[in-house]
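Structural overview
For reference, the chains in residue letters:
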Amino acid sequence: LPPRLRFDKVAARWIGQLEAACAESVASGVTAVVSVTAPILLPSKTGSTLVQRIRTDAGRDYGGAVHGNGVSILYLRHGLEKAPKGIAFVHNPGTDPRVLFRLTRELLHLAHECLKKKCPESAAERWLVLTGGGGKALGDALRRLRSRLCPVLPYRRIIMVSARR
């Protein structure tokens, strides 16, 4: 199942804290993608434990439990200087955060390939069309990623098309 993201007050504060820690600790050209399963049981302790892990172990992927929450950290090396150094997600239990990692990896790869090929200025007129299942849940993830990756994505519009059930 695609992850259903959470955007409540606790999740928003937690996301901001982790993305700020990544901005300070993660190397240029690398993005740390962090996911945690909601509800965040001990938000302050979970956040500070993960911030400490990012600061001391930056570059080493992690998967496990932190204060009762499932947590995953994946470091994506892409070489894009303007890409964010951290993207964090809070999602409902029982869903697979690897979908978020895969989507983030693919969007960063597309941006890198376009820059490597020195796409012309007309790239501002490019549209990216994604097909597949996932519906609203995947749409929420895509909107979140687009907001974070906006400086590096060479697409005017990103459209997601999924089969209707």
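One structure accompanies this document, and this report is about it. What you see is a predicted model, and the numbers here were worked out from it, not measured in a lab.

**Notes on helix 2 (residues 43-57)**
Between its terminal C-alpha atoms helix 2 stretches 20 Å, which fits the 21 Å expected from 15 residues at 1.5 Å a residue. Turning to helix 2, its buried residues number three or more, namely T46, G47, L50, V51, I54 and D57. Buried residues along helix 2 cover an arc of 165° about the axis, so they all sit on one side.

**Examining the pattern of salt bridges**
Taken as a whole and judged by the stated rule, the model has 8 salt bridges. In this structure, the salt-bridge partner of R144 is E19, at a minimum N-O distance of 2.4 Å. Highlighted residues: R144 in helix 4 (residues 135-149) and E19 in helix 1 (residues 9-25), separated in sequence by 125 residues. What makes R144 buried here is its relative accessible area of 13%. What makes E19 buried here is its relative accessible area of 12%. When the shortest N-O distance is used, the salt bridge between D140 and R143 registers 2.6 Å. With D140 and R143 both in helix 4, this residue pair falls 3 residues apart, about one helical turn. The buried category is assigned to D140, whose relative accessible area is 16%. Overall, R143 belongs to the exposed group, its relative accessible area being 53%. The network of salt bridges with common partners includes E19, R144 and R148.

**Focus on the pairing of strand 2 (residues 62-66)**
Sheet analysis places strand 2 next to strand 3 (residues 69-77), joined by 5 bridges and oriented antiparallel. Among the inter-strand pairings, A65 is bridged to a residue of strand 3, identified as G70. Turn length for the strand 2-strand 3 hairpin, with the two strands adjacent in sequence and antiparallel, is 2 residues, and the turn residue H67 shows positive phi of about 50°.

Conventions used here
- Residues numbered from 1 in each chain as written.
- Predicted model: local features only at pLDDT ≥ 70, side-chain atom pairs only at ≥ 80, totals over all residues.
- Heavy atoms only, no water.
- Helix = DSSP H or I, 4+ residues; strand = E, 2+ residues; numbered from the N terminus.
- Expected span 1.5 Å × (residues − 1).
- Buried < 20%, exposed > 50% of the residue type's maximum accessible area, 1.4 Å probe, protein only.
- Arc of directions from axis to C-beta.
- Salt bridge = Lys/Arg side-chain N within 4 Å of Asp/Glu carboxyl O.
- Pairing = 2+ DSSP bridges.

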